[in-house]
Amino acid sequence: HQQTFVVLGDGECHEGSIWEAAMFAGQNKLGSLTAIIDRNKLGATDFTENYASLEPLDKRFEAFGWEVLTVSGHDINQLVEVLEVTKSNDSKRRPFCIIADTTKGKGISFMENSKDWHHQMPNKHQVVQAWKELK
């Protein structure tokens, strides 16, 4: 059978349409649906918890009938493991939510955990510096 994956930013989880879809998927037991949420705690203008708290995000999805696992979004092995779990889930009676805890701009000193880099483009010097820091 076919699986459907959707990737969500945590900032967009402030939108009502996300919760309407989450409620619909849980109620209709859309077990072939997996949502992966990039939980970097930053929106376009501020930290997500400063304008409308999403916590406890896992419990909110569980309340809508989803199975939820939280992993480090920076650990590819954890992500692969949990994606394998979604594939091998025989019951398929509930949609699956993976909360991937991340840090925006991780590993780049001037970008890490900064809301400014949600939409800002680096200049040539900054690109060179970022590449050096990531190596």
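These numbers were taken from a predicted model, which means no experiment stands behind them.

Student: Report on the side chain of Lys104, specifying residues and quantitative values.
Tutor: Counting through the fold element by element, Lys104 comes out in the loop between β4 (96-101) and α5 (124-134). Buried within the structure, Lys104 lacks any salt-bridge partner; Asp38 is the closest side chain of opposite charge, at an N-O distance of 5.9 Å. Here Lys104 is in contact with Asn40, Leu42, Met111, Glu112, Asn113, Ser114, Trp117 and His118, once residues within four sequence places are set aside.

Student: Can you lay out helix α1 (residues 16-27) for me, pointing to particular residues and giving the numbers?
Tutor: Its twelve residues place the ends of α1 16 Å apart at the C-alpha level, agreeing with the 16 Å of an ideal helix rising 1.5 Å per residue. Taken together, the buried positions of α1 are Ile18, Trp19, Ala22, Ala25 and Gly26. One side of α1 carries all its buried residues, which in axial view fall inside an arc of 125°. What points out from α1, more than 90 degrees from its buried face, is the exposed set Glu20 and Gln27. Elements in contact with the buried residues of α1: β1 (4-9), β2 (33-39) and α3 (57-63). Looking one or two residues beyond α1, the residue adopting positive phi is Lys29, at roughly 50°.

Student: Please provide a residue-by-residue account of the pattern of salt bridges, values included.
Tutor: Under the defined criterion, the tally for this structure stands at seven salt bridges. Notably, a salt bridge pairs Lys59 with Glu62, separated by 3.6 Å at the nearest N-O pair. Of this pair, Lys59 and Glu62 both sit in helix α3, separated by three residues, roughly a single helical turn. On the accessibility criterion, Glu62 (33% relative accessible area) is partly exposed. Within this structure, Asp10, Arg39, Glu49 and Glu55 form a network of salt bridges that share partners.

Student: Give me the sheet that holds β4: which residues, what numbers.
Tutor: Here we have four strands laid out as an open sheet, ordered β1-β2-β4-β3, and parallel in their pairing. The outermost strands of the open sheet, each flanked by one partner alone, are β1 and β3 (67-72). If you compare each strand with its neighbour and ignore which way they point, the axes differ by 20° on average. Relative to β4, β3 runs parallel, the two sharing six bridges.

About the thresholds
- Residues numbered from 1 in each chain as written.
- Predicted model: local features only at pLDDT ≥ 70, side-chain atom pairs only at ≥ 80, totals over all residues.
- Heavy atoms only, no water.
- Helix = DSSP H or I, 4+ residues; strand = E, 2+ residues; numbered from the N terminus.
- Buried < 20%, exposed > 50% of the residue type's maximum accessible area, 1.4 Å probe, protein only.
- Lys, Arg positive; Asp, Glu negative; His and termini not counted.
- Salt bridge = Lys/Arg side-chain N within 4 Å of Asp/Glu carboxyl O.
- Contact = heavy atoms within 4.5 Å.
- Expected span 1.5 Å × (residues − 1).
- Arc of directions from axis to C-beta.
- Pairing = 2+ DSSP bridges.
- Axes fitted to C-alpha atoms, helices over the stretch in contact; angles between N-to-C directions.

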